[in-house]
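Structural overview
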Amino acid sequence: MGTAGSTTGTGTASTAVTSGRRHLPEAPFLVAANRGRPSRRPVWFMRQAGRSLPEYRELRKGTGMLEACLTPDLACEITLQPVRRYGVDAAILFSDIVVPLKAAGVGVDIVAGTGPVVEQPVRTAADVAALPALDAEGVAPVADAVRLLVRELGDTPLIGFAGAPFTLASYLVEGGPSRNHERTKALMHAEPDTWHALCSTLADTTLTFLRAQVDAGVDAVQLFDSWAGALSERDYRELVLPHSTRVLQGLADTDLPRIHFGVGTGELLGAMGEAGADVVGVDWRLPLDVAAARVGPGRALQGNLDPALLFAGQDVVDREVRRILAEGATAEGHVFNLGHGVLPETDPDVLARVVDLVHETPVPAGP
Ligand SMILES: Cc1c2[nH]c(c1CCC(=O)O)Cc1[nH]c(c(CCC(=O)O)c1C)Cc1[nH]c(c(CCC(=O)O)c1C)Cc1[nH]c(c(C)c1CCC(=O)O)C2
């Protein structure tokens, strides 16, 4: 992975890897994540696999979201669709952050247009104690999808992912998506022991889920703490950071790049970097040069085009892409992405144009 690769993880790159792992030393995404100089600026999109693609909608007809995630052939094909269409520099596994909860036996479903809905919200110490643990067997279909993908993907790296303890806890405590996270914040502050017990269980679940993906052959992992931006830095550090740190540090032996992302996290970027990420994801609210200063040295950045601006016409999109490429060049490594997921109504041709523009723009000379 070049010289920069030896500065990540435990430094045992070639010995600690699982047998069967692909070796992709030139892949621009992995080079940039490891703060080396890639042959071109890498680009992929959060939620690149999904509803903005007509071929996805066609394939999903009659199949529930979680059923699709747990059907290896289908998950594999949906993961490949955006790679074929856009020529992005990484695939992201088609799955969802609630898949490990479902696989452990939690009553959860994904309702179209709403998101994850939990049958029995988790709000008391007894509810937490009753949460089922995940064993690797439960997510065997996800591992099977990863094994299919690494055979199909050629030189394109595959990103595995999971939800971070806070974001998963928010769905469990609220019972579904929440604007204010009020029940979650109430539990955090009124019953910190129960809160820590919940996050500790979720950190175990997340580690089991990610480890299964790593053992099956993913090339990087992303920990989504999508809703962490709802917290003050003080609360984040005390009530969330220790659990996210356990997850990210728990994968240090893999020597794979670990990406950590949340929305509205401008004030948390330093703390999120400390959790053990090699790459910190940034939303559109902060220019990448400012984000780089907040995250500090030794980490690459990922981001940060506002997904809503993909609706503003080609001139705006081109201008924004060029601005972000220039600001990203100040970071030690830059993986181009959106600041959050692709919106369902996005025109795939606009994303294709973004990929071409990123790839056409010369990589600046190193420092
Ligand atoms: C918070 C969160 C969830 N899921 C995820 C997050 C973290 C990322 C983020 O902040 O957006 C992660 C996720 N979910 C999905 C992926 C697939 C991989 C990718 O292309 O990025 C990823 C990385 C598929 C999906 N997950 C979901 C869809 C849409 C379901 C469908 O196609 O019917 C997809 C493609 C459903 C889902 N699942 C979740 C939400 C909020 C929704 C949207 C609800 C809706 O508006 O319908 C929970």
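These figures come from a predicted structure and were not determined experimentally. (Residues numbered from 1 in each chain as written. Predicted model: local features only at pLDDT ≥ 70, side-chain atom pairs only at ≥ 80, totals over all residues. Heavy atoms only, no water.)

It is worth spelling out the site of the ligand at this point. The immediate surroundings of the ligand are formed by 27 residues, with R47, Y56, D96, S226 and H340 found nearest. R47 has a polar backbone atom sitting 2.6 Å from an oxygen atom of the ligand. Residue A49 places a main-chain N or O atom 2.8 Å away from an oxygen atom belonging to the ligand. For the ligand, whose unbound accessible area comes to 870 Å², protein coverage reaches 91%. Every element with two or more residues in the shell around the ligand is listed here: α4 (54–60) and β3 (115–118). (Near = heavy atom within 4 Å. Polar contact = N/O pair within 3.5 Å; in protein donor to acceptor, adjacent residues only side chain to side chain. Areas by Shrake-Rupley, 256 points an atom, 1.4 Å probe, with all protein chains shown as cover. Helix = DSSP H or I, 4+ residues; strand = E, 2+ residues; numbered from the N terminus.)

Across four bridges, the pairing between strand β2 (residues 108–111) and β3 is antiparallel. Note that in β3 the partner of V111 across the bridge is G115. (Pairing = 2+ DSSP bridges.)

Take the UniProt feature "domain: Uroporphyrinogen decarboxylase (URO-D)" (unreviewed entry) in the protein next. This chain's UniProt record puts "domain: Uroporphyrinogen decarboxylase (URO-D)" (unreviewed entry) on residues 42–51 and 159–175. For residues 42–51, the helix share is 0%, the strand share is 0%, and the end-to-end C-alpha distance is 23 Å. Here residues 159–175 runs as 59% helix and 29% strand, with 28 Å between its end C-alpha atoms. (UniProt positions renumbered as here; feature names shortened; annotations may be inferred.)

A word on the packing of aromatic side chains. Scanning the model with the defined rule gives five aromatic pairs in all. An angle of 85° between the planes, with centres 6.1 Å apart, marks the rings of F45 and Y86 as edge-to-face. Of this pair, F45 sits in the loop between α3 (28–33) and α4 while Y86 is found in helix α6 (residues 72–86), placing the two residues 41 residues apart along the sequence. Clustering of aromatic rings is evident, with ring pairs tying together F161, F224 and F261. (Phe/Tyr/Trp six-rings, centres within 6.5 Å; stacked < 30°, edge-to-face > 60°.)

Further remarks concern helix α12 (residues 192–216). Taking 1.5 Å per residue, 25 residues should reach 36 Å; α12 reaches 36 Å between its end C-alpha atoms and fits that length. Following α12 by one or two positions, G217 has its phi on the positive side, about 125°. (Expected span 1.5 Å × (residues − 1).)

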